[in-house]
Amino acid sequence: MSDVGLFYVGAVLIINGIMLLGKITDRAAAPLNFFVGTLQVVTPTFLIMTAGGDRAIIAGAAGIYLFGFTYLWVGINSATGWPGEGLGWFSLFVAFAAVGYAAYTWQTGGRIFVVIWLVWALLWFLFFLVLALGRTELTRFTGWVAIAEGVLTAAVPAGLALTGLWHDSAAAALAAAVFAVVVLAVLWWWTTRAPGTRTEAAA
């Protein structure tokens with residue numbers, strides 16, 4: 001995925017997280033999902049068509065479709081009011097695919113993005129739980145995870161890469177993994193155990 005594309009993935013994750021928290025309507029989030037989803041479908045299509053059979057380029061481009069189809073589906077559901085169960089089951093497929101991409105990234109020498117692919121897999125799995133299985137008690141946690149990942153796994157890495165400040169290493173990946181676990185634990189505690197949670201849920 002290009003750094004520019006990743007930057008806007010961050011934007012749409014933040015918007016979708018805010019939507020899950022009920023701060024904006026589904027329809028209000030639809031345009032950005034359409035814009036970014038279209039970008040993430042057109043871009044890999046162009047890359048595959050011009051790859052000349054290069055398997056590395058094709059594999060990387062195929063991963064972008066996971067994002068593109070997700071955001072287009074969110075946009076369509078948001079604009080039409082269609083039910084989200086289908087998107088939820090698709091998210092389960094994407095979660096497993098993201099784990100596969102984490103393994104592929106490790107084999108090709110990436111380190112930090114192994115961690116990033118794994119936390120993306122977690123987010124898609126949360127979408128599956130909320131949308132396909134109706135685990136609505138996880139909606140608030142999922143919304144905050146989407147916002148956090150929009151900032152920390154997309155916007156910030158893309159910004160660092162665009163400015164030439166991105167550096168990958170095993171040590172950086174380990175630090176990223178520890179930081180991710182801490183952030184997720186804090187968000188889980190805050191959204192499910194913190195004072196006021198039950199009051200908000202009942203409102």
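Residues numbered from 1 in each chain as written. Predicted model: local features only at pLDDT ≥ 70, side-chain atom pairs only at ≥ 80, totals over all residues. Heavy atoms only, no water.

**Structural notes on the overall build of the protein chain**
Working step 1: Within the protein chain one finds 8 helices and 0 strands.
Working step 2: Taking 2.2 N^0.38 as the reference for a compact globule, 203 residues should give roughly 17 Å; the C-alpha atoms of the protein chain span a radius of gyration of 17 Å, in line with that estimate.
Working step 3: Taken over the C-alpha atoms alone, the protein chain extends approximately 55 × 40 × 30 Å along its principal axes.
Working step 4: For the protein chain, the proportion of its 203 residues judged to be buried stands at 41%.
Working step 5: Within the protein chain, contacts between residues separated by at least 24 positions form 72% of all contacts whose residues are at least 6 apart in sequence. (Helix = DSSP H or I, 4+ residues; strand = E, 2+ residues; numbered from the N terminus. Rg over C-alpha atoms; globule rule 2.2 N^0.38 Å. Buried < 20%, exposed > 50% of the residue type's maximum accessible area, 1.4 Å probe, protein only. Contact = heavy atoms within 4.5 Å.)

**Observations regarding a nonpolar patch on the surface**
Working step 1: Judged by side-chain polarity, Val151, Leu152, Val156, Leu160, Leu165 and Phe179 come together as a nonpolar surface patch covering roughly 480 Å² of accessible area.
Working step 2: In terms of residues, the nonpolar patch owes the most to one element, helix H6 (residues 139–162), which gives 4 residues.
Working step 3: Residue position: Leu165 is located in the loop between H6 and helix H7 (170–192). (Patch = residues over 30% accessible without salt bridge, like charges linked within 9 Å, V, L, I, M, F, W, Y side chains within 5 Å. Areas by Shrake-Rupley, 256 points an atom, 1.4 Å probe, with all protein chains shown as cover. Salt bridge = Lys/Arg side-chain N within 4 Å of Asp/Glu carboxyl O.)

**Considerations on the environment of Met49**
Working step 1: Summarising the element assignment, Met49 is placed in helix H2 (residues 26–49).
Working step 2: Looking at Met49, the relative accessible area reads 69%, which means it is exposed.
Working step 3: A sequence separation of 52 residues divides Met49 from Tyr101, and the C-alpha atoms of the two residues are 21 Å apart.

**Overview of H6**
Working step 1: Taking 1.5 Å as the rise per residue, H6 with 24 residues should run 34 Å; its terminal C-alpha atoms sit 33 Å apart, in good agreement.
Working step 2: In H6, a bend of some 30 degrees at Glu149 exceeds every other bend along the element.
Working step 3: Just downstream of H6 lies Gly164, where phi reads positive at about 75 degrees. (Expected span 1.5 Å × (residues − 1). Bend = angle between axes of the 7 residues up to and from the residue.)

**Here we look at the environment of Ala98**
Working step 1: With respect to the helices, strands and loops of the structure, Ala98 is situated in helix H4 (residues 85–107).
Working step 2: Taking the relative accessible area as the measure of exposure, Ala98 reaches 0% and is therefore buried.
Working step 3: Excluding anything up to four places from it in sequence, Ala98 contacts Trp117, Ala121 and Trp124.

**Considering the confidence of the model for the protein chain**
Regions with low pLDDT should not have their predicted coordinates read in detail.
Working step 1: Per-chain confidence: the protein chain averages 93 in pLDDT, with 95% of residues scoring 70 or above.
Working step 2: In the model, residues 196–203 has pLDDT below 50 throughout and makes 5 contacts with residues more than four positions away in sequence or in other chains. (pLDDT = per-residue confidence, 0-100.)

**Examining the nonpolar core**
Working step 1: Counting 45 residues, the largest nonpolar core has Leu66, Phe67, Tyr71, Trp117, Trp120 and Trp124 as its most contacted members.
Working step 2: For this core, the secondary-structure elements that each account for two or more residues are helix H1 (3–20), H2, helix H3 (55–80), H4, helix H5 (112–132), H6 and H7.
Working step 3: Ranked by residues supplied to this core, first place goes to H5 with 15 residues. (Core = buried A, V, L, I, M, F, W, Y, C linked by side-chain atoms within 4.5 Å.)

**Topic: the packing of H2 against H3**
Working step 1: Contact geometry of H2 with H3 gives a least axis separation of 7 Å together with a crossing angle of 155 degrees. In terms of axis orientation, H2 runs roughly antiparallel to H3. Our pair here, H2 against H3, has a crossing hand that is left-handed. (Axes fitted to C-alpha atoms, helices over the stretch in contact; angles between N-to-C directions. Parallel < 35°, antiparallel > 145°, perpendicular 65-115°, else oblique. Left-handed = near helix turned anticlockwise from the far one by under 90°.)

**Details of H4**
Working step 1: In this model, H4 (23 residues) spans 34 Å end to end at C-alpha, consistent with the 33 Å of a helix rising 1.5 Å per residue.
Working step 2: Turning to H4, the residues buried within the fold contact H3 and H5.
Working step 3: Of the residues trailing H4, Gly109 is marked for its positive phi of about 105 degrees.

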